[in-house]
Amino acid sequence: MPNRSTLPVNAHCLYAADVLETLGVSTTDGLSDHGVAESRARHSGNTIETRKKVRPLLVLLHQFESPVVYLLGAAAILALYFREWSQGAAILVVLALNSAIGFGTEIKAARSIEALRTLGTRSARVRRNGQVRVVPAEDLVVGDIVLFEGGDGVSADIRLFEASNVGADESALTGESVAVDKSPEPVASDAPVADRTSMLFKGTFITRGSGAGVVVAVGSGTELGRISQLAEEAQPEDSPLEKGLAKLSGQLVWATLILTSLIAGTGILKGEDILLMVDSAIALAVAAIPEGLPVVATLTLARGMWRMARQNALIERLPAVEVLGATTVILTDKTGTLTENRMAVRHLCVSDEELDLTPAANDGAPDTPMPDLENRPQFRQLVKVAVLCNNAALGENDKDHSGDPMEQALLRLGDRAGLAQGAFLETHPRVSETAFDASTKMMATVHADGGRYFYAVKGAPEMVLLRVAFVATADGEAAMDDVRRAEWVSRIDTLGHRGLRVLACAAKTAKTAGEDPYDGLTFLGLIGLEDPARADVPDAIRGCREAGMRVVMVTGDHAVTARSIARHVGLGSEASRMVDGPDFLAMDGSDKGKLLETDIFSRVNPSEKLALVRAYQNAGEIVAMTGDGVNDAPALRQADIGIAMGLRGTDVARQAAAMILLDDAFPTIVKAVREGRVIFGNIRRFAAYLLSCNLSEVLVVGIAVLSGLPLPILSLQILYLNLVTDVFPAFALALGEGEKGIMKQPPRPPKEPILGRPQWSAIVAQSLVLTAGTFGALFAAEFWLAPTPDELVTITFLTLAFSQLWHVFNMRHRRSGLLHNEVTRNVWVWGAIVLCTLLLAVPAYVPAIADILHIVPPDRDMWLIILGMSSAPLVVNQIGALLFDRFRQ
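Residues numbered from 1 in each chain as written. Predicted model: local features only at pLDDT ≥ 70, side-chain atom pairs only at ≥ 80, totals over all residues. Heavy atoms only, no water.

1. Examining the overall build of the chain
Rules: The numbering of helices and of strands both runs from the N terminus, where a helix is a DSSP run of H or I of at least 4 residues and a strand a run of E of at least 2. Whether two residues are in contact is decided by their heavy atoms, any of which lying within 4.5 Å being enough. All accessible-area figures derive from a Shrake-Rupley calculation using a 1.4 Å probe, and residue coverage is judged against the displayed protein chains alone.
Within the chain one finds 31 helices and 24 strands. Here the analysis covers contacts within the chain between residues at least 6 apart in sequence; of these, 71% occur between residues at least 24 apart. Entry remark: accessible area of the chain is about 37100 Å², with carbon and sulfur atoms responsible for 58%.

2. With respect to the sheet that holds strand 20 (residues 577–580)
Defined as follows: By this definition, two strands are paired if DSSP reports at least two bridges between them. Note on geometry: axes are lines fitted to C-alpha atoms, helical ones only across the stretch in contact, with angles between N-to-C directions running from 0 to 180 degrees.
Taking strand neighbours across the sheet as the criterion, the 8 strands line up as 8-24-23-22-9-19-21-20 in an open arrangement whose pairing is mixed. Either end of the sheet is taken by a strand with one partner, and the two such strands are strand 8 (313–315) and strand 20. If you compare each strand with its neighbour and ignore which way they point, the axes differ by 20° on average. Bridge analysis of strand 9 (residues 329–332) against strand 22 (residues 623–627) gives 4 bridges, and the strand direction is parallel. Counted as the bridge partner of I330 is A624 from strand 22. Of the strands in this sheet, strand 19 (550–554), strand 20 and strand 21 (598–602) are in contact with helix 19 (residues 559–569), which crosses strand 21 at around 140°.

3. So, the pairing of strand 7 (residues 205–217)
For clarity, the cut-off: Relative accessibility decides the category of a residue: with a 1.4 Å probe and only protein chains considered, values under 20% of the type maximum give buried, values over 50% give exposed, and everything between is partly exposed.
By the criterion of burial, strand 7 is predominantly enclosed, with 10 of the 13 residues buried. Of the strand pairs in this sheet, strand 3 (residues 145–149) and strand 7 are connected by 5 bridges, and their pairing is antiparallel. Bridge pairing links V146 to G213 in strand 7.

4. So, the packing of aromatic side chains
Inclusion rule: When two rings of Phe, Tyr or Trp (its six-membered ring) have centres within 6.5 Å they constitute a pair, described as stacked for plane angles under 30 degrees, edge-to-face for angles over 60, and tilted for the intermediate range.
If you walk through the whole model with that rule in mind, you get 6 aromatic pairs. Ring centres 6.1 Å apart and planes at 70° place the aromatic pair F802 and W863 in the edge-to-face group. On the criterion of sequence distance, the pair formed by F802 in helix 28 (residues 789–806) and W863 in helix 31 (residues 860–888) is long-range, its members being 61 residues apart. Here F802 matches W863 in class, with each residue buried.

5. Comments concerning helix 26 (residues 727–734)
Burial of helix 26 is extensive: 6 of the 8 residues sit out of reach of the surface. Where helix 26 is concerned, the buried positions are V727, P729, A730, A732, L733 and A734.

6. Observations regarding helix 2 (residues 33–42)
An α-helical turn contains 3.6 residues, so a residue and the one three or four places further along point in the same direction. Defined as follows: The arc in question is the one traced by the directions running from the helix axis out to the C-beta atoms.
Among the residues of helix 2, G35, V36 and S39 are the ones counted as buried. Viewed end-on, helix 2 has its buried residues packed into an arc of 100°, placing them on one side of the element. Of the exposed residues in helix 2, the ones pointing more than 90 degrees away from its buried face are H34 and A41. Turning to helix 2, the residues buried within the fold contact strand 1 (123–128).

7. A closer look at the nonpolar core
Just so we agree on the cut-off: Definition of nonpolar core: a set of buried residues of the types Ala, Val, Leu, Ile, Met, Phe, Trp, Tyr and Cys, connected through side-chain atoms within 4.5 Å.
In this structure, I641, M659, F666 and F686 are the most contacted members of the largest nonpolar core, which totals 107 residues. No other element matches helix 24 (residues 667–707), which puts 19 residues into this core. Here F666 is in contact with I330, T332, T337, L338, V537, A540, I541, C544 and V551, once residues within four sequence places are set aside.

8. Thoughts on the pairing of strand 15 (residues 468–473)
Sheet topology note: the strand 15/strand 18 (residues 521–530) ladder contains 3 bridges and is parallel. Residue F470 lies in a different strand from strand 18, and its bridge partner there is T522. By the bridge criterion, 4 bridges tie strand 15 to strand 16 (residues 476–479) in an arrangement that is antiparallel. Its bridge partner being in strand 16, A472 is matched across the sheet by E477. Here strand 15 folds back onto strand 16 in antiparallel fashion, the turn holding 2 residues.

9. Notes on the pattern of salt bridges
Note the threshold: The term salt bridge refers to a side-chain nitrogen of Lys or Arg lying within 4 Å of a carboxyl oxygen of Asp or Glu.
Per the counting criterion, the structure on display carries 28 salt bridges. A salt bridge links D33 to R133; its shortest N-O distance comes to 3.4 Å. You can see D33 sitting in helix 2 and its partner R133 sitting in strand 2 (residues 131–136), a full 100 residues away along the chain. Among the ionic pairs, E822 bridges to R685, the shortest N-O distance being 3.7 Å. Of this pair, E822 sits in the loop between helix 28 and helix 29 (827–841) while R685 sits in helix 24, and the two are 137 residues apart along the sequence. Residue R685 is classed as buried on the basis of its relative accessible area, which comes to 17%. The network of salt bridges with shared partners includes D181, R208 and D404.

10. Observations regarding unusual backbone geometry
Leaving glycine aside, a negative phi is the common case for residues, and trans is the common case for peptide bonds. Phi at N129 is positive, roughly 55°, even though this residue is not glycine. Secondary-structure assignment places N129 in the loop between strand 1 and strand 2. Since its relative accessible area comes to 37%, N129 is described here as partly exposed. Within the chain, K441 stands out as a residue other than glycine whose phi angle is a positive 55°.

11. Quick notes on the side chain of E170
Let me state the cut-off plainly: For this analysis, a polar contact is any N or O atom pair within 3.5 Å, provided that within protein one partner can donate a hydrogen and the other can accept it, and provided that sequence-adjacent residues contribute only side-chain to side-chain pairs.
Along the chain, E170 falls in the loop between strand 4 (157–169) and helix 7 (171–174). Side chain to side chain, E170 and K182 meet in a polar contact 2.6 Å long.

12. Notes on the environment of G708
By the secondary structure assignment, G708 is in the loop between helix 24 and helix 25 (715–725). Residue class for G708 comes out partly exposed when judged on its relative accessible area of 47%. Taking the C-alpha atoms as reference points, G708 and G267, separated by 441 residues in sequence, lie 8.5 Å from one another.

13. Quick look at the environment of Q717
Note on placement: Q717 falls in helix 25. When the C-alpha positions of Q717 and L798 are compared, they lie 9.7 Å apart, and in sequence the two are 81 residues distant. There is a polar contact of 2.6 Å between the side chain of Q717 and the backbone oxygen of L853.

14. Observations regarding the confidence of the model for the chain
Applicable threshold: Confidence scores here are pLDDT values: one per residue, from the predictor, ranging 0 to 100.
Mean pLDDT over the chain stands at 82; residues scoring 70 or higher make up 83%. Across residues 1–6 the pLDDT falls below 50, and counting only partners more than four positions away or on other chains, this stretch makes 15 contacts in the model. When the criterion is pLDDT under 50, residues 109–121 qualifies, and its contacts beyond four places in sequence or with other chains add up to 35 contacts.

15. Details of the side chain of R603
By the element assignment, R603 lies in the loop between strand 21 and helix 21 (606–618). Polar contacts involving the side chain of R603 include one to the side chain of D195, which spans 3.0 Å.

16. Things to note about the packing of helix 25 against helix 28
Condition: Orientation categories follow fixed angle ranges, with anything under 35 degrees roughly parallel, anything over 145 roughly antiparallel, 65 to 115 roughly perpendicular, and all other angles oblique. In this scheme, a crossing is called left-handed if the near helix is turned counterclockwise away from the far one by less than a right angle; it is called right-handed if the turn is clockwise. The nonpolar class holds Ala, Val, Leu, Ile, Met, Phe, Trp, Tyr, Cys and Pro. Asp, Glu, Lys and Arg form the charged class, and all remaining residues, Gly among them, are polar.
The N-to-C vectors of helix 25 and helix 28 enclose an angle of 20°; their axes lie 11 Å apart at closest approach. Between helix 25 and helix 28, the angle falls in the class roughly parallel. The handedness of the crossing between helix 25 and helix 28 comes out as right-handed. Counting all contacts with helix 25, which are made through Q717, Y720 and L721, the residues of helix 28 involved are V793, F797, L800, A801 and Q804. Counted by class, the contact of helix 25 with helix 28 contains 6 nonpolar, 2 polar and no charged residues.

17. So, the packing of helix 13 (residues 377–388) against helix 14 (residues 405–416)
Where helix 13 contacts helix 14, the axes come no closer than 9 Å and their chain directions differ by 135°. Classed by the angle they form, the pair helix 13 and helix 14 counts as oblique. In the crossing of helix 13 with helix 14, the sense of the turn from one axis to the other is left-handed. Two secondary-structure elements touch here, helix 13 through V383, A386 and V387 and helix 14 through L410, L411, L413 and G414.

18. A closer look at the environment of F809
Considering the arrangement of structural elements, one finds F809 in the loop between helix 28 and helix 29. Judged by its relative accessible area of 15%, F809 falls in the buried class. The spacing of F809 and L733 is 76 residues in sequence and 9.9 Å in space, taken between C-alpha atoms. Excluding residues that lie within four positions of it along the chain, F809 makes contacts with V823, T824, V829, W830, I833, L874 and Q878.

19. Notes on the state of the cysteines
Any covalent bond linking the sulfur atoms of two cysteines counts as a disulfide. Here is the rule we go by: Two cysteine sulfur atoms make up a disulfide if the distance between them is within 2.5 Å.
For the structure shown, the criterion picks out 0 disulfides. Free cysteine: C389, not disulfide-bonded; nearest cysteine sulfur from C505 at 7.4 Å.

This is the structure:
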């Protein structure tokens, strides 16, 4: 008995008999129960491993893996050690709040690719112990003899040994929009998956015919399993925002450690009280860290996610919201993304006339109006044969259609032409059928026609031309001689170069129904079909280009078809650079630089798509990848932002993606990109606001310590400002609608930080002015009022607080007006000012809160100093901005 462990990994290129012999299995008996157990023990089960579920505890612990958290934790421990209970508790509350928000968003966003299992949870008919049984798909083993027919799902990789008119829909696996004809004949060993016609693959569907095969791979050993492994290995990089925030946090921590050590050490050397220096160090640590930054950033991204959802873009991972604004290149799948993923008739050819059914450019219609065929008998006869020689069926909507996609397109053509199949079958009932065969590449149906029989034939043009004896012309039938045959071959080539799939139709009438269906035929004409481009894609691609983004097609389809679709959607030109997937992998390091000039990649398999995404990322691009099939999942996961189709996309693609288009509309990407750019601008604006406020707090505390002055503001007061009054204006800034013309600007450089040199220069200058205002209030109070220590702290605390509140108006864009700008037009800003004014003014008059914050109720004179000195920084900063702009001009 042959050794069943010798698994035919290249079963597609071996004869079926050799595969069966290698596996030691009979086609008539199948495996025995003992053989099933032996195979199951030797090979993996027919399930696809998914990633381990995210453990909530690990997600929670992840929230504390940050230098900022370590620093604040150390400050809390230090405060508690010195019995500063309120300060320590307040810092711990801050840590708990930030961690809770981060944990909630991350645990909700965690996704696995468990949807891969759903592609295999079905039954299969197998032959075991000489009997046909129905078993769950997960029970299939290598060596099982599987029987199948049209409509069945394929639940393992199967090598065919019997096939009658078998066609398989492999679009989700390979990107091919047309059903693939299957045959037991072996193919070349290096044939790509899309060309392995001797195989059926797990996760695909049988569209027609019947047959049998032997299982040669199950579970993770199948092509679908390999794609699953690629998706697992693909590791999406951190988003630019995540990198920027991480870098900013590290910088703040180091700056804080250096500053606190320097100031505390200086004070101790000067003989200051150690407890006072510890309190000052805690205050500095709390002041330097913008505790509200992660909260506002998370809420801003969440709001962006909600806004995008209203525009049919569902965001699965929060950072993806901002990544869209930095995207520099979009790698888009063809089938179902740029095209409708359904076949449509685009051209009809008869002897004396041609009919172009391609919609006019930008007319928005999926099909051009159908001309009246009443007085065009040649076209009527061509369409008649197309709908009669047809096994598809149309339902009330697309989901109810069944059969081969090409045959569905032919039925839609008949309906549009007023030549519906049902009407023909009433007068021409079907008598018999000769099923499509891979060797003849034709099919025929025989219909009763009065006292005679009408033979309708369709198939591959080159095969039909070989069998016809006559050709239909306007003057009647004529002999099909070599000259006419050569003319038709030229027409076939012309349609093929347009990227159309071409069918030929022929017919004859006979006295009996038992004649050779392919003998003595009359050639009627050609039908050109394609998976049409979506009508809304050209404008969307134009919008991407205006926004400085490249759009590149990446498809598993043939080069001619890909170029045709690219031409229809305005992607590149006839001279556009095109590269096949295998050729891309064969490029050396210098050649791969040419990928930046390539518009179309054809015949690309999943591993090549993944390599392509990585190549663009290595070139410094921020990559968005769109797709809808199983074959797109690894690349979707690897890309900086994977974009899946919500209506037509597979569960696998949706789980791998960071964003899902609920309407499958490519233009939605353009809307989402705009939202991403607005969000980044808002994040930059409120980050600058928070950090300028925090730096002013650091300067106030640091200068006071070094100068021997009493602390103008205490650590608990700083925490109150950072978490309460600063957060609301910052969040209001985050709700801005963005600048007009933002989509006419190129994407920001991928390595551009959240805060660059211009932003830091403004932060430092503004914080110095805020600090000066606070010390101005301190000196004014001591000069005019002779306040108590609590009164002095109250004045400086409220002066700094209100000056930070008015500081929100300094966040306008330099090109905007002084009084009418994006900040003053933002109603949320005015709401934040009213709310924060109450949160600052009321606590002083509530004894319990006043005691915690160490403040007292201000009298009239104190309020005059507070309001006067807090308004001064706003005036100074606005004058400074105007002078700076004038100097630059």
